[in-house]
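Now for the letters of each chain:
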There are 2 protein chains.
Amino acid sequence: MAELHQACAPLAFLLGTWQGTGTGVYPTIEDFSYVEEVSFTHAGKPFVAYVQKTKDPGSAMPLHAEAGYLRPQGGGRIELVLVQPSGIVELLEGTIEGSDIRLESAAVLGTASAKPVTVTERRFWADGEVLHSSVAMAAMGLELQPHVVSELRRLP
Amino acid sequence: MAELHQACAPLAFLLGTWQGTGTGVYPTIEDFSYVEEVSFTHAGKPFVAYVQKTKDPGSAMPLHAEAGYLRPQGGGRIELVLVQPSGIVELLEGTIEGSDIRLESAAVLGTASAKPVTVTERRFWADGEVLHSSVAMAAMGLELQPHVVSELRRLP
């Protein structure tokens, strides 16, 4: 197990695997809920790997997934680069204040077959062993608005 | 274990975990070699998740990593969306012909702190239990040229 890179010290509160539930809304779809698992891992380098998967609470069928890397920049600044199997990639920039990470997209791009998403805002905020996450997005020609929010607990 | 989505049938040859070695060159850096592990997994949905990690052959220190999703489009067309901890995301489009996937970037974007990469070409080609992969890139203001090539074997 590598020692945590000093650049990642502000992200130490995220490390581990978290499980919980979330809910989603958007004007173009039915409201939904989901079971979520998120992991934040490091390899001794100046970034933290993020992997997220959700599934249907009833059928346990996989719903969403995404993966990316958090890149602390010093001075409370942070970048997040992210990829989604829906054919979308995101570059986000933002701040770490204590256990609260707030990010806004600098760019969102999709492949030819992806649904149009133009702006995202993401937040991860922890209260000890409880992690909250939220995503807002401007998609399908609509304005930026809340999409999903979840509450997770760290696995021992 | 979910059944493979029919859209992913052309990618069945990739599924599993592969290990091997590779070499890298670029005019701006010293030649290097690496040990690589790649996995291709599916969850019954119309994409295949790709995760890659490399390490130094001597020290076993982690070198590169990347993650993404292969999205077959039918008619031998395929998309790959990819994220790198170096702060770079790629959208690639290309073809599947038998066990040969060739992709060219439609877009490469980096965060403010990432090194400038403007074009990539990626290829995965298999010969039974041997998988080859290669990446060419235009980076640091230079023309598109070979960067890494590796040869991997599927774990039983």
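Residues numbered from 1 in each chain as written. Chains lettered and ligands numbered in written order. Predicted model: local features only at pLDDT ≥ 70, side-chain atom pairs only at ≥ 80, totals over all residues. Heavy atoms only, no water.

## Let's talk about unusual backbone geometry
Residues and elements named next belong to chain B. Which entries qualify depends on this criterion: Under the DSSP-based scheme used, a helix requires at least four consecutive residues in state H or I and a strand at least two consecutive residues in state E, with every element numbered from the N terminus. Exposed residues in this analysis have more than 50% of their type's maximum accessible area, buried residues have under 20%, and partly exposed residues fall in between, with area computed by a 1.4 Å probe over protein chains only.
At Ala60, a residue that is not glycine, the phi angle is positive and equals roughly 65°. Tracing the backbone through its elements, the reader meets Ala60 in the loop between β3 (48-55) and β4 (62-74). Its identity is not glycine, yet Met140 carries a phi of approximately 55°, on the positive side. Within the secondary structure, Met140 is located in the loop between β9 (130-139) and β10 (145-154). Judged by relative accessible area, which is 40%, Met140 ranks as partly exposed.

## Some thoughts on the pattern of salt bridges
A pair can form between side chains of opposite charge whenever their charged atoms are brought close. The cut-off we apply is this: By salt bridge we mean one thing: a side-chain nitrogen of Lys or Arg within 4 Å of a carboxyl oxygen of Asp or Glu.
Applying the stated rule across the entire model yields 14 salt bridges over all chains. Among the ionic contacts, a cluster of salt bridges with common partners joins Glu66, Glu90 and Arg122 of chain A.

## Details of the packing of aromatic side chains
The description of two aromatic rings rests on the distance between their centres and on the angle between their planes. To be explicit about the condition: Aromatic pairing here means that ring centres of Phe, Tyr or Trp (its six-membered ring) are within 6.5 Å. Orientation follows from the plane angle: under 30 degrees is stacked, over 60 is edge-to-face, and everything else is tilted.
Tallying each qualifying case throughout the model produces ten aromatic pairs over all chains. Taking 5.7 Å as the distance between ring centres and 90° as the angle between the ring planes, the aromatic pair formed by Phe40 of chain A and Phe124 of chain A counts as edge-to-face. Here Phe40 of chain A is found in strand β2 (residues 29-41), whereas its partner Phe124 of chain A is found in strand β8 (residues 117-127), with 84 residues between them in sequence. Looking at Phe40 of chain A, the relative accessible area reads 2%, which means it is buried. A relative accessible area of 4% means that Phe124 of chain A is categorised as buried. Taking the centre distance of 6.0 Å and the plane angle of 35° together, the rings of Phe32 of chain B and Tyr34 of chain B count as tilted.

## Examining the interface of chain B and chain A
Frequently, the measure chosen for interface size is the accessible area that the parts lose on association. The condition that has to hold: Any two residues whose heavy atoms approach within 4.5 Å at even a single point are treated as in contact. Throughout, the accessible surface (probe 1.4 Å) given up by two parts as they are put together, summed over both, is called the buried area. Two N or O atoms form a polar contact when they lie within 3.5 Å of each other; inside protein one atom must be a possible hydrogen donor and the other a possible acceptor, and for residues adjacent in sequence the pair counts only when both atoms belong to side chains. Side-chain classes are defined by residue name, with Ala, Val, Leu, Ile, Met, Phe, Trp, Tyr, Cys and Pro counting as nonpolar, Asp, Glu, Lys and Arg as charged, and the others, Gly among them, as polar.
Contacts between chain B and chain A engage 32 residues on the former and 32 residues on the latter. Here chain B and chain A share an interface that buries about 2,300 Å² over both sides, 66% of which is from carbon and sulfur atoms. Considering only the side of chain B, the residues that lose the most area to chain A are Tyr69, Pro85 and Leu91 of chain B, jointly responsible for 23% of the buried surface there. Applying the counting criterion to the chain B and chain A interface returns zero salt bridges. The tally of links from chain B across to chain A stands at 16 residue pairs in polar contact (both at pLDDT 80 or more). Of all the elements in the fold, those that place two or more residues in the side of chain B that touches chain A are β4, β5 (77-84), β6 (88-97) and β7 (100-110) of chain B. Residue composition of the side of chain B that touches chain A, grouped by class: 18 nonpolar, eight polar and six charged.

## A closer look at the pairing of strand β6 (residues 88-97) of chain A
Residue and element names in this part refer to chain A. How we decide: Here the rule is simple: two strands pair whenever DSSP picks up at least two bridges between them.
β6 sits mainly inside the fold: seven of its ten residues count as buried. Across eight bridges, the pairing between strand β5 (residues 77-84) and β6 is antiparallel. From the neighbouring strand, Leu82 faces β6, where its bridge partner is Glu90. Connecting β5 to the next strand, β6, in antiparallel fashion are three residues, including Gly87 with a positive phi near 95°. Joining the antiparallel neighbours β6 and strand β7 (residues 100-110) is a turn of two residues, in which Gly98 adopts a positive phi near 65°.

None of this, on its own, says anything about what the molecule does.
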